[in-house]
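Residues per chain, in single letters:
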Amino acid sequence: MRGLITICSFLLVGVLTAHYIGFAHQADSDPKAVDKELEGLNEKYVLRFSHVVAENTPKGLAASMFAQLVREKTDGWVEVQVFPNAMLYEAQAEFDALMKKDIHIIAPALSEVTVIDPNWLVMDLPYVFRNEQMVEDALHGRIGELLFNSISDYGLHGITYWENSFKQVTNRIRPIINPEDIEGLSVRVMPSEALSDTYRVLGAKPRLFPFNEVYDVLSNGVVDGTENTLSNIYSKGFYRQQNYMTVSNHNYLGYAVFMNGKFWDSLPVDHQNSIIEAMNEVTVWLREHSNKINTEMLARIENSNLIEIHHQTESEKMVWRNALKPVYEKYGQIIDPELITEVTKLQE
Ligand code: LMR
């Protein structure tokens, strides 16, 4: 009888122990035990935002405004530190630094993204957009959505698109009116194969240099010309080193604002919402102001009398578009067909 009591006692202790251990484990893994929405809200976040342009340009102004709005919306719990003028990294190096979490936000030109994901080349097809409205419809519509989906495979979380303006061509050798005028000239472009091919097809020599080296390569004659928005041409003084400018509006310079996907997911939901709210406000502001800023810069460049300016006419544009057809033929085979369909719809 005593033996039976001993065995029963052992069994009871065993069952209770097993039940306790099992229960304790369950309590630890219960998702309700941690409130995800509040997690991390009592610690301060410092986000480093790196970009390559001057502070008085559309992107420079947008970055500062974003930092201020985020501070206000999070009561200072999220501080965005802005590093302009490629102080930390040039555009291509920013991607690597973002993945290593040395910086937390970047806003590279869309052309820079093409190095990682060729689908983004769709935005660099020459004369693909006739006006700002088309660009806005593309970036903030289906095309923008497809591009962000495509880049998420590379670990980048797209937050929004920012506008700058159309690009213009400058050079020191001769006025560029017809496509043959550009033949033989060396032209600095961003590292996008579609941009390089645009110049190759016309018999010019594309050369790749980071943005913060452009002033030097123009002033010492390493390249004859370049292409950029009026705000970049003015704020970086490129017009001082060039003799001719064609207002061609042949390509659009827009930006994608990215965070590291894993870092974004690790932020408290409340902070994510504040960041999105701030970003939306800045995006709307920029859409209204980027054009105005660029028009103002054109007036300043004109008033300097340092550069001869030609405004490309509609019939000249037709000639350039025809000369550039081979670029469309090549990239129509490379870019995701859905993007090509969407662009064609926009053009119709
Ligand atoms: C460039 O030419 O590299 C620039 O347009 C970059 C920028 O961010 O505007």
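Residues numbered from 1 in each chain as written. Predicted model: local features only at pLDDT ≥ 70, side-chain atom pairs only at ≥ 80, totals over all residues. Heavy atoms only, no water.

1. Focus: the sheet that holds strand β11 (residues 308–311)
Reasoning step 1: One open sheet accounts for six strands, arranged β7-β6-β8-β5-β9-β11; its pairing is mixed. Both edges of this open sheet fall to β7 (205–208) and β11, since each of them pairs with a single strand only. Across the sheet, the mean angle separating the axes of adjacent strands is 25° when strand polarity is ignored.
Reasoning step 2: As judged from the four bridges shared by strand β9 (residues 244–247) and β11, these two strands associate in the parallel manner. Residue tyrosine 244 lies in a different strand from β11, and its bridge partner there is glutamate 308. (Pairing = 2+ DSSP bridges. Helix = DSSP H or I, 4+ residues; strand = E, 2+ residues; numbered from the N terminus. Axes fitted to C-alpha atoms, helices over the stretch in contact; angles between N-to-C directions.)

2. A look at unusual backbone geometry
Reasoning step 1: Phi angles above zero are rare outside glycine, and alanine 86 is one such case at about 55°.
Reasoning step 2: Relative to the helices and strands, alanine 86 is located in the loop between β2 (78–83) and α3 (91–99).
Reasoning step 3: Since its relative accessible area comes to 11%, alanine 86 is described here as buried.
Reasoning step 4: We note that lysine 101 has phi near 65°; this positive angle belongs to a residue other than glycine.
Reasoning step 5: For lysine 101, the location among the structural elements is in the loop between α3 and β3 (105–106). (Buried < 20%, exposed > 50% of the residue type's maximum accessible area, 1.4 Å probe, protein only.)

3. Side note on the site of the ligand
Reasoning step 1: Taken together, Val52, Val53, Lys59, Arg188, Met190, Phe211, Asn228, Asn232, Leu253 and Tyr255 make up all the residues around the ligand.
Reasoning step 2: Between the ligand and lysine 59, the relevant distance is 2.6 Å, taken from an oxygen atom to a side-chain nitrogen or oxygen of the residue.
Reasoning step 3: Measuring from an oxygen atom of the ligand, one finds a side-chain N or O atom of arginine 188 at 2.6 Å.
Reasoning step 4: Of the residues assigned to the shell around the ligand, the class counts are six nonpolar, two polar and two charged. (Near = heavy atom within 4 Å. Polar contact = N/O pair within 3.5 Å; in protein donor to acceptor, adjacent residues only side chain to side chain. Nonpolar A, V, L, I, M, F, W, Y, C, P; charged D, E, K, R; others polar.)

4. Quick notes on the pairing of strand β1 (residues 45–50)
Reasoning step 1: Pairing between β1 and β2: six bridges, direction parallel. Counterpart to serine 50 in the pairing with β2 is phenylalanine 83.
Reasoning step 2: In the classification by handedness, the crossover that spans β1, the intervening helix α2 (residues 58–73) and the parallel β2 is right-handed.
Reasoning step 3: Pairing between β1 and β3: two bridges, direction parallel. Paired with phenylalanine 49 across the bridge in β3 is isoleucine 105. (Right-handed = clockwise from strand over helix to strand, strands pointing away.)

5. Overview of the environment of serine 304
Reasoning step 1: One can find serine 304 in helix α11 (residues 269–304).
Reasoning step 2: The exposure class of serine 304 is partly exposed, given its relative accessible area of 24%.

6. Comments concerning the pattern of salt bridges
Reasoning step 1: Tallying each qualifying case throughout the model produces 13 salt bridges.
Reasoning step 2: Measuring nitrogen to oxygen at the nearest pair gives 2.9 Å for the salt bridge that ties arginine 142 to glutamate 338. Taken as a pair, arginine 142 in helix α6 (residues 142–152) and glutamate 338 in helix α14 (residues 337–347) lie far apart in primary sequence, 196 residues in all.
Reasoning step 3: On the basis of relative accessible area, arginine 142 is assigned to the partly exposed category, the value being 32%.
Reasoning step 4: The class of glutamate 338 is partly exposed, set by a relative accessible area of 34%. (Salt bridge = Lys/Arg side-chain N within 4 Å of Asp/Glu carboxyl O.)

7. Structural notes on the side chain of serine 165
Reasoning step 1: Tracing the backbone shows serine 165 in strand β4 (residues 156–166).
Reasoning step 2: Among residues more than four places away in sequence, those in contact with serine 165 are Glu132, Thr229, Asn251, Tyr252, Leu253, Asn291 and Asn294. (Contact = heavy atoms within 4.5 Å.)

8. What to know about the side chain of serine 196
Reasoning step 1: Relative to the helices and strands, serine 196 is located in helix α7 (residues 193–201).
Reasoning step 2: Ignoring sequence-local partners within four residues, the contact set of serine 196 consists of Val189, Pro206 and Leu208.

9. Examining the nonpolar core
Reasoning step 1: Ranked by size, the top nonpolar core spans 98 residues in total, and within it Leu47, Phe66, Trp120, Phe129, Trp162 and Phe258 carry the most contacts.
Reasoning step 2: Considering each element in turn, this core owes the most residues, nine residues, to α11.
Reasoning step 3: Sequence-distant contacts of phenylalanine 66, defined by excluding residues within four places in its chain, comprise Phe49, Val80, Ile105, Ile275, Ala278, Met279 and Val282. (Core = buried A, V, L, I, M, F, W, Y, C linked by side-chain atoms within 4.5 Å.)

10. Concerning the environment of proline 58
Reasoning step 1: Among the secondary structure elements, proline 58 is positioned in helix α2.
Reasoning step 2: Distance in space between the C-alpha atoms of proline 58 and isoleucine 293 is 7.0 Å, their sequence separation being 235 residues.
Reasoning step 3: Once you skip the residues sitting within four places of it in the chain, proline 58 turns out to touch Glu163, Asn164, Ser231, Leu286, Ser290, Ile293 and Asn294.

11. Examining the environment of tyrosine 127
Reasoning step 1: Along the polypeptide, tyrosine 127 turns up in the loop between α4 (110–113) and α5 (132–139).
Reasoning step 2: Under the relative-accessibility criterion, tyrosine 127 is labelled buried at 5%.
Reasoning step 3: Tyrosine 127 sits 193 residues away from tryptophan 320 along the chain, and the two C-alpha atoms are 8.6 Å apart.
Reasoning step 4: Residues in contact with tyrosine 127, not counting those within four places in the same chain, are Ser248, Asn249, His250, Asn251, Gln312, Lys317, Trp320, Arg321, Leu324 and Tyr328.

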